[in-house]
Amino acid sequence: MVTPKIYSRPTVRQVVFQIRYPNLFYLESKIGDIQQKIMRYFPKSELIQRQKLFLANVGPDFKIDPKDVEDTSGNKIWKFESKNNVVLNITTNSLDMTSEFHKTYDLGDDDSKKFKKVIELVVGTFAEITTLPIINRIGLRYIDFCPLPAKNNQTIKQWYNSKFPLDKFEIGDAQAMAFHAAIQKSKNGRTYNLGYMESLGKMTPDSKNIDALILDFDGSCLDIDAVDCLSITDDLHDLITEEYHATIKQPVYDWMEGEGEND
């Protein structure tokens, strides 16, 4: 088992947390109280009116499947943003946070750098003010951009326990390659869903020569009591961490320590 630690050059690029819950028709009357409680961390705010599909009369030959037609009532999104660009969106049936700032979930002495602390603030406030009893789905997703110094099978085998069919294809010849699996895992008496994806990409959007192996971990749990939200999020993080460490090899740890050429 790899000892958890904070690396000087982590591979995590983005982390996303989401809960889905039954439509809270009374949420609009509570949103001001929620905003007041989280304003010190999320000082920026705006209300977004997301319009649903509107169909005009386009003639007798144009046919639409009725199941694809939505009403035009719209859907309000209360959007909040922190000084370090963590984005929080709240709707009547979902809450999600996206961060490219946080590189640690709960390690270290600096609470301001821990993603778990933001989850505790937001979910704790939301559950307290809305008296939310149940959650339909909790999701935690990590996207890592991992170094691939040379785009060939030998290098990827040295650096990763890749799921790519390397005995069949040479990745140096690949214009695109991806692997995806959806599995279930048990932890602490609960069943969790875990999505695992590998794909080829670039370390940064503007880097034409620096290749990357992109690892995408998407964990979720369904139908839980709201009071169990944080413990289940901890379990999801542990499952994702275990899968991450089962995928990378020693050269990646060395790279994260800052050894080798900087990208």
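The rules behind the values
Residues numbered from 1 in each chain as written. Predicted model: local features only at pLDDT ≥ 70, side-chain atom pairs only at ≥ 80, totals over all residues. Heavy atoms only, no water. Core = buried A, V, L, I, M, F, W, Y, C linked by side-chain atoms within 4.5 Å. Buried < 20%, exposed > 50% of the residue type's maximum accessible area, 1.4 Å probe, protein only. Helix = DSSP H or I, 4+ residues; strand = E, 2+ residues; numbered from the N terminus. Contact = heavy atoms within 4.5 Å. Salt bridge = Lys/Arg side-chain N within 4 Å of Asp/Glu carboxyl O.

A. Spotlight on the nonpolar core. Ranked by internal contacts, the top residues of the largest apolar core, which has 67 residues, are Phe17 and Ile90. With eight residues, the top contributor of residues to this core is strand β6 (residues 134–148). Residues within four places of Ile90 in sequence aside, it is in contact with Tyr21, Leu27, Ile31, Ile34, Lys76, Ile77, Trp78, Phe80, Leu95 and Phe126.

B. Local environment of the pattern of salt bridges. Counted according to the given criterion, the structure contains 14 salt bridges. Between Lys5 and Glu257 there is a salt bridge, with the nearest N and O atoms lying 2.6 Å from each other. Of this pair, Lys5 sits in the segment before β1 (12–20) while Glu257 sits in the segment after α5 (250–256); the two residues are 252 residues apart in sequence, bridging distant segments of the chain. Relative accessible area serves as the criterion here: at 39%, Lys5 is assigned to the partly exposed category. Glu257 gets classed as partly exposed once you look at its relative accessible area, which sits at 37%. Beyond isolated ion pairs, a larger network of salt bridges with shared partners links Asp106, Lys116 and Asp234.

C. Representation of the environment of Met177. Inspection of the secondary structure assignment puts Met177 in the loop between α3 (153–159) and β7 (178–187). The class for Met177 is buried, based on a relative accessible area of 12%. Considering only alpha carbons, one finds Met177 and Phe164, 13 residues apart in sequence, at a separation of 7.8 Å. For Met177, the contacting residues outside a window of four places in its chain are Phe164, Phe169, Ile171, Glu198, Ser199 and Leu200.

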